[in-house]
Amino acid sequence: EDPNNYIGNNSFGPMLHLEVNDFEKEIVEPFKIRSLIGTLLNSMKKYKDNPCIGYRKPFPDGTFEKKYTFFSFKEAEEMSYTISKNIEERKQELIKEDDYIGKHFKLIGIFAKNCCEWFLSDTACQLNSISTVTLYATLGQGSFKYILDQTGITSLFLSPDLIDSLLKFKKNINFTSIKNIILFDLSLNIPETTFEKLRKAVPNVYSFKKDFLKPNDNLREKDLRLSSPDTV
């Protein structure tokens, strides 16, 4: 950068690019946002019509389209709020609440690969101060059991590719705390037989698309408790 493009120097305060017209609005205000969800919501409003996150549509033979289908920032925001409100409405059933080291925790698990649903679910949790507990198939069943024992979570968001791993862990370590599975099926076509297969191991199995993306007019955005910079 050409130093002539800047005004001021380190002796008198910050160096500002000549294109900065309003220091308070353009520099100070954005830095008042001190949480991840605050930054994301700001971007969702600022870039509402821009592509936010995408997926490739599946074909019946198990292959995928080469191009991505994108959700805009506005669509992602709306879906995240809808998911969050549907979780809140079922909180007695889905959320594990606990007090630890002077903090009150609301916990829910995610056992999934990276995907649109992962992003939307985690964002939905941040909208209501819910701490996500992430589990990993690559760390083995010992790690899986340890995390369940430590947290006592009762619900898992689950991606279809990890169903067999979950059922294997269920057989080998016979975990009993998990009562609810929310199966990620927004970007995939999941047959009913898959849901039935899961119901043999876990009492309640929900469709992410049908049960958590359905409009919820019983709650408003202000009924949710947005995560603060101190929220875990």
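Before reading on, note that the structure itself is shown above.
Caption draft 1: Just helix α5 (residues 116–126), in detail. Across the eleven residues of α5, nine count as buried, placing the element largely inside the fold. For α5, every residue scored as buried is listed here: Cys 116, Glu 117, Leu 120, Ser 121, Asp 122, Thr 123, Ala 124, Cys 125 and Gln 126.

Caption draft 2: View of the packing of helix α7 (residues 163–173) against helix α8 (residues 192–199). Interaxial distance between α7 and α8 falls to 11 Å at its minimum, and their mutual angle equals 20°. Taken together, the axes of α7 and α8 are roughly parallel relative to one another. Note that α7 runs across α8; the crossing there is left-handed. Between α7 and α8, the contacting residues are Ile 163, Asp 164, Leu 166 and Leu 167 on the first element and Thr 194, Lys 197 and Leu 198 on the second. Considering only residue class, the contact of α7 with α8 consists of four nonpolar, one polar and two charged.

Caption draft 3: Representation of the nonpolar core within the structure. Formed by 35 residues in total, the largest nonpolar core has its most connected members in Ile 87, Phe 157 and Phe 208. Residue assignment for this core shows that the elements contributing at least two residues are α2 (36–46), β3 (51–55), α3 (73–89), β6 (103–111), α5 and α9 (208–212). Listed in part, the 26 residues of the second largest apolar core include Phe 105, Leu 107, Ile 153 and Ala 201.

Caption draft 4: Focus on unusual backbone geometry. Positive phi values are uncommon outside glycine, yet Ile 101 reaches one of about 45°. Here Ile 101 lies in the loop between β5 (96–100) and β6. Here Asn 174, not a glycine, exhibits a phi torsion of approximately 50°, which is positive. The topology assignment puts Asn 174 in the loop between α7 and β9 (180–183).

Caption draft 5: Region of the structure containing the side chain of Thr 82. For Thr 82, the position within the fold is in helix α3. Of note is the side chain of Thr 82, whose polar atom sits 2.9 Å from the backbone oxygen of Glu 78. The contact partners of Thr 82, leaving out residues within four places of it in the chain, are Phe 212, Leu 213, Lys 214 and Pro 215.

Caption draft 6: Quick peek at the pattern of salt bridges. In total, this model carries seven salt bridges according to the counting rule given. Notably, a salt bridge pairs Lys 45 with Glu 77, separated by 3.1 Å at the nearest N-O pair. In this pair, Lys 45 sits in helix α2 while Glu 77 sits in helix α3, placing the two residues 32 residues apart along the sequence. By relative accessible area, Lys 45 is classed as exposed at 52%. The salt bridge involving Arg 220 is made with Asp 223; its shortest N-O contact spans 3.7 Å. On the accessibility criterion, Asp 223 (33% relative accessible area) is partly exposed. Salt bridges sharing partners connect three or more residues here, namely Glu 192, Glu 196 and Arg 199.

Caption draft 7: Broad picture of the packing of aromatic side chains. Per the stated rule, a full pass over the model turns up eleven aromatic pairs. Measuring from centroid to centroid gives 6.2 Å for Tyr 68 and Phe 70, while their planes differ by 40°, and the two rings are tilted. Among the residues examined, Phe 70 registers a relative accessible area of 48% and is labelled partly exposed. One aromatic cluster is present, built from ring pairs that chain together Phe 111, Phe 144, Phe 169 and Phe 175. Sitting above the plane of the Phe 212 ring, Arg 90 keeps its charged end 5.2 Å from the centroid. When the ring centre of Phe 175 is taken as reference, the NZ or CZ atom of Lys 170 above it lies at 5.1 Å.

What counts and how
Residues numbered from 1 in each chain as written. Predicted model: local features only at pLDDT ≥ 70, side-chain atom pairs only at ≥ 80, totals over all residues. Heavy atoms only, no water. Buried < 20%, exposed > 50% of the residue type's maximum accessible area, 1.4 Å probe, protein only. Helix = DSSP H or I, 4+ residues; strand = E, 2+ residues; numbered from the N terminus. Axes fitted to C-alpha atoms, helices over the stretch in contact; angles between N-to-C directions. Parallel < 35°, antiparallel > 145°, perpendicular 65-115°, else oblique. Left-handed = near helix turned anticlockwise from the far one by under 90°. Contact = heavy atoms within 4.5 Å. Nonpolar A, V, L, I, M, F, W, Y, C, P; charged D, E, K, R; others polar. Core = buried A, V, L, I, M, F, W, Y, C linked by side-chain atoms within 4.5 Å. Polar contact = N/O pair within 3.5 Å; in protein donor to acceptor, adjacent residues only side chain to side chain. Salt bridge = Lys/Arg side-chain N within 4 Å of Asp/Glu carboxyl O. Phe/Tyr/Trp six-rings, centres within 6.5 Å; stacked < 30°, edge-to-face > 60°. Lys NZ or Arg CZ within 6 Å of the ring centre and 35° of its normal.

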